[in-house]
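What follows is the residue order along each chain.
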Amino acid sequence: MITFETQPDRRHLTAALRRAYRRTLLLYRLCPVVLLLPALIELLFGDPLEALPWVAAAVTAVLLSPLVLRTLVRASWKMHGIPITWTISDEGVRCVNALSDSVVRWAALTGVEPIPGHLLFRLSRYQLFPMPIHGLSAEQRAELYSYLRDRGLLTADPVEPGPQAVRR
C-alpha cells in the first residue's frame, strides 16, 4: 500500500489537463484555420464582403479557444483545489479529500500515462483523473511506478519533471 497527500497547484493541474485533452484542444486550435479557408477563397475568387462572416467566425474561434482549457481547469479545481490523500492498494486507487472519498478499482482502469508532475489514470479514451506526483521524492515515485508497472498499467516510461516541464 502506498499513501501520500498532495497539495493543490493550479499550474500543474492546467498542465495535466492540457496534456490529457491535447487532441480535443487541437481541434479548437485548428478551427480558426479551417474557418479562414472559405474566407480566403471568397477574397480570391468571389465577393470580398462574403468573406467577412468567415473572418468573424475565425476571430471568434480564436478568442474562445483558450476558454476551453480554462473551463476544464475551473470544473476540475473544485475537487483538485484542496489537499487530497491518495492511497494505492490492491483494492485500487483511493482519493480522499474534504469533499469526497472514492475508490477506482483496478479493473476500471485502462492505463496510466506518466507526464511531468502527474499520472493520468485512464478509465476510457475520454475519461481520466490526474494524480499529482510532483511533491513525491524520487524513491516514492519509483515505488509507485514499479507498482503500476507490475499491474500492467503504466503505458510509457515515466517522464521526470525538468525546469521547463510545466508551462505557465
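Please refer to the structure higher up on the page.
Quick look at the structure, then. Remember, it's a predicted structure, so these values are computed and weren't measured experimentally. (Residues numbered from 1 in each chain as written. Predicted model: local features only at pLDDT ≥ 70, side-chain atom pairs only at ≥ 80, totals over all residues. Heavy atoms only, no water.)

1. Structural notes on the pattern of salt bridges
On inspection of all chains with the given rule, the structure shows six salt bridges. Between E113 and R22 there is a salt bridge, with the nearest N and O atoms lying 3.8 Å from each other. With a gap of 91 residues between them, E113 in strand 5 (residues 111-115) and R22 in helix 2 (residues 22-45) connect regions that are remote in the sequence. Note that R94 is salt-bridged to D101, the shortest N-O span being 2.6 Å. Each of R19, R22, E113 and R122 takes part in one network of salt bridges that share partners. (Salt bridge = Lys/Arg side-chain N within 4 Å of Asp/Glu carboxyl O. Helix = DSSP H or I, 4+ residues; strand = E, 2+ residues; numbered from the N terminus.)

2. Quick look at helix 4 (residues 138-150)
Side chains three or four residues apart in an α-helix point the same way, a direct result of the helix having 3.6 residues per turn. Counted at 1.5 Å a residue, the expected span for helix 4 with its 13 residues is 18 Å, and the 18 Å between its end C-alpha atoms agrees. Residues of helix 4 that are buried include every one of R141, L144, Y145, Y147 and L148, and no others. Projected down its long axis, helix 4 shows its buried positions confined to an angular sector of 160°, all on one face. Away from its buried face, by an angle of more than 90 degrees, helix 4 presents the exposed residues E139 and D150. In the segment just after helix 4, G152 is the residue with positive phi, at about 75°. (Expected span 1.5 Å × (residues − 1). Buried < 20%, exposed > 50% of the residue type's maximum accessible area, 1.4 Å probe, protein only. Arc of directions from axis to C-beta.)

3. A word on the sheet that holds strand 3 (residues 92-96)
With respect to topology, four strands assemble into an open sheet ordered 1-2-3-4, the strand pairing being antiparallel. Each of the sheet's edge strands pairs with one partner strand only, and the pair in question is strand 1 (2-6) and strand 4 (101-105). Recorded for the sheet is a direction-independent mean angle of 15° between the axes of neighbouring strands. Direction of pairing for strand 3 relative to strand 4: antiparallel, over a ladder of five bridges. Directly across from V93, in strand 4, lies its bridge partner V104. Seen against the sheet, helix 4 touches strand 1 and strand 2 (84-89) and runs at an angle of roughly 125° to strand 1. (Pairing = 2+ DSSP bridges. Axes fitted to C-alpha atoms, helices over the stretch in contact; angles between N-to-C directions. Contact = heavy atoms within 4.5 Å.)

4. Regarding the sheet that holds strand 7 (residues 128-132)
Taken in spatial order, the three strands make up an open sheet running 5-6-7, and their pairing is antiparallel. Looking at strand neighbours, the two that pair on one side only are strand 5 and strand 7, the edges of this open sheet. Pairs of neighbouring strands in the sheet enclose a mean axial angle of 20°, with direction left out of account. Relative to strand 7, strand 6 (residues 118-122) is paired through five bridges, and the arrangement is antiparallel. Counted as the bridge partner of L119 is M131 from strand 7. In the packing of helix 1 (residues 10-20) onto the sheet, the strands contacted are strand 5, strand 6 and strand 7, and the crossing angle to strand 6 comes to about 45°. In the packing of helix 4 onto the sheet, contacts are made with strand 5, strand 6 and strand 7, and the angle to strand 6 comes to roughly 20°.

5. Some details on the packing of aromatic side chains
One pair of aromatic rings is described through two measures. These are the centre distance and the angle between the planes. A full pass over the atoms with the stated rule returns three aromatic pairs. Seen in terms of ring centroids, W106 and Y147 are 5.9 Å apart; in terms of plane orientation they differ by 50°. Their pairing is tilted. With W106 in the loop between strand 4 and strand 5 and Y147 in helix 4, the pair connects residues that are 41 residues apart, well separated along the chain. Of the two residues, W106 and Y147, both sit in the buried class. Measuring from centroid to centroid gives 5.1 Å for F121 and F129, while their planes differ by 5°, and the two rings are stacked. This pair shows no difference in class: F121 is buried, exactly as F129 is. Aromatic rings pair up to connect W86, F121 and F129 into one cluster. The lysine or arginine in question, R10, covers the ring of W77, its NZ or CZ lying 5.0 Å from the ring centre. (Phe/Tyr/Trp six-rings, centres within 6.5 Å; stacked < 30°, edge-to-face > 60°. Lys NZ or Arg CZ within 6 Å of the ring centre and 35° of its normal.)

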